[in-house]
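Letter by letter, the chains look like this.
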Amino acid sequence: MKLLWNTGSRFKCPFCNYSSRGHALMGSNSAVLAEKEVIGGQRRRARCLKCGSTDRERLMFAYLGNERDFLTKGHDKKILHIAPESNLNSKFRSASLPGYVCGDKFTFGYNYPEYVKHIDILDLSFPENHFDLIICNHVLEHIPDDNLAIKELFRVLKPEGEAILQVPISANTKYTVEDHTIMSDEKRKELFGQEDHMRIYGQDYTDRLSHVGFKVTRVNISKKYNLYGLNQQEDIFIATKGSKTPNP
Ligand SMILES: [Zn+2]
């Protein structure tokens, strides 16, 4: 009934092809996220009513499937997908890609299926210069030592590869807000907007990536793919080792 009522022509979900007038509510209504204008974290209408895809997952589809050919069937590129979102994960798996690996550190708590491997981003069991593509979509904000994680991602990326490293980011704050002395869930929720977030990234987020050696290209394709119902403010952060700079 909800699907019928919501059918329209304003948006079209690239995962399930549902054409809609709008999306379901998602995200946190925490005060600090609003105050800091955190892109990709605030309460908003962004979830597909049919398949449950989120705006940031559809943004990945737009980039990986339309601007790049990573969702094309049968290619042999090596892909690492950290904390795989279900719809994007299904797309990769149905494309029959022998080089696709997905995993999460918390394989028990999240009801992941068996093919999601136990992978610790702080200690990756892959050789250096291994992956053509790494997807890490809203993961780094959960990790206390994000510098170590970024270093590991840098290590396993091929010289000509690219890592898509999305985080919620404050539009109006220059410097990342974090405090490692905070131990309580309540305090983290108050300061960072979610009890399992370690910080709110500021506009210096790209410096954290370039600090370990990444070259960062920050692009906005959300307007181009407005039909997918994307967050118009959400940029894509493409990190490379510098030998090839993507230019979507
Ligand atoms: Zn959908």
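Residues numbered from 1 in each chain as written. Predicted model: local features only at pLDDT ≥ 70, side-chain atom pairs only at ≥ 80, totals over all residues. Heavy atoms only, no water.

### As for empty space enclosed by the protein
Within the structure shown, the criterion is met by two cavities of 30 Å³ or more. What lines the largest cavity is I39, H138, Q166, V167, I169, E234, D235 and F237. Counted by class, the lining of the largest cavity contains four nonpolar, two polar and two charged residues. When its volume is computed, the second largest cavity comes out at roughly 30 Å³. Around the second largest cavity sit F11, K12, C13, Y18, S20, G22, H23, C48 and L49, which together line it. Grouping the constituent residues of the lining of the second largest cavity by class yields five nonpolar, three polar and one charged. (1 Å grid on protein atoms, 1.4 Å probe; cavity = no way out; pocket = protein on both sides within 12 Å on 5 of 7 lines; lining within 4 Å. Points joined across faces, edges and corners; volume = space filled by probe spheres on them. Nonpolar A, V, L, I, M, F, W, Y, C, P; charged D, E, K, R; others polar.)

### Comments concerning the layout of surface pockets
Empty space within the second largest pocket amounts to approximately 160 Å³. Lining the second largest pocket, in full, are R10, F11, H23, R44, R45, A46, D55, N226, G229, L230, N231 and Q232. At the level of secondary structure, the elements contributing two or more residues to the lining of the second largest pocket comprise β1 (7–12) and β5 (44–47). For the lining of the second largest pocket, the element with the most residues is β5, which contributes three residues. Broken down by class, the residue content of the lining of the second largest pocket amounts to three nonpolar, five polar and four charged. (Helix = DSSP H or I, 4+ residues; strand = E, 2+ residues; numbered from the N terminus.)

### A look at the UniProt feature "domain: Methyltransferase type" (unreviewed entry) in the protein chain
Annotation from UniProt places "domain: Methyltransferase type" (unreviewed entry) at residues 117–164. When the span residues 117–164 is considered, its composition is 23% helix and 35% strand, and the gap between its end C-alpha atoms is 20 Å. (UniProt positions renumbered as here; feature names shortened; annotations may be inferred.)

### Side note on the coordination of the zinc ion
Around the zinc ion, the protein contributes the donor atoms C13 (SG), C16 (SG), C48 (SG) and C51 (SG), which lie 2.2 to 2.3 Å from the metal centre. Mapped onto the sequence, the donors of the zinc ion take the spacing C-x2-C-x31-C-x2-C. Remark: C48 occurs in the loop between β5 and α3 (55–67) and C16 occurs in the loop between β1 and β2 (19–20); sequence separation between them is 32 residues. (Donors = N, O, S within 2.8 Å, 3.2 Å for Na, K, Ca; no water.)

### With respect to the pattern of salt bridges
The full count for this structure, using the stated rule, is 13 salt bridges. In this structure, E152 engages R155 in a salt bridge whose closest nitrogen and oxygen atoms are separated by 2.7 Å. You can see E152 and its partner R155 sitting in helix α5 (residues 146–156), three residues apart, about one turn around the helix. Taking relative accessible area as the criterion, R155 reaches 25% and is therefore assigned partly exposed. With a shortest N-O distance of 2.7 Å, D235 and R218 are connected by a salt bridge. Taken together, the positions of D235 in the loop between β14 (215–219) and β15 (236–240) and R218 in strand β14 put the pair 17 residues apart, joining distant regions of the chain. Taking relative accessible area as the criterion, D235 reaches 15% and is therefore assigned buried. (Salt bridge = Lys/Arg side-chain N within 4 Å of Asp/Glu carboxyl O. Buried < 20%, exposed > 50% of the residue type's maximum accessible area, 1.4 Å probe, protein only.)

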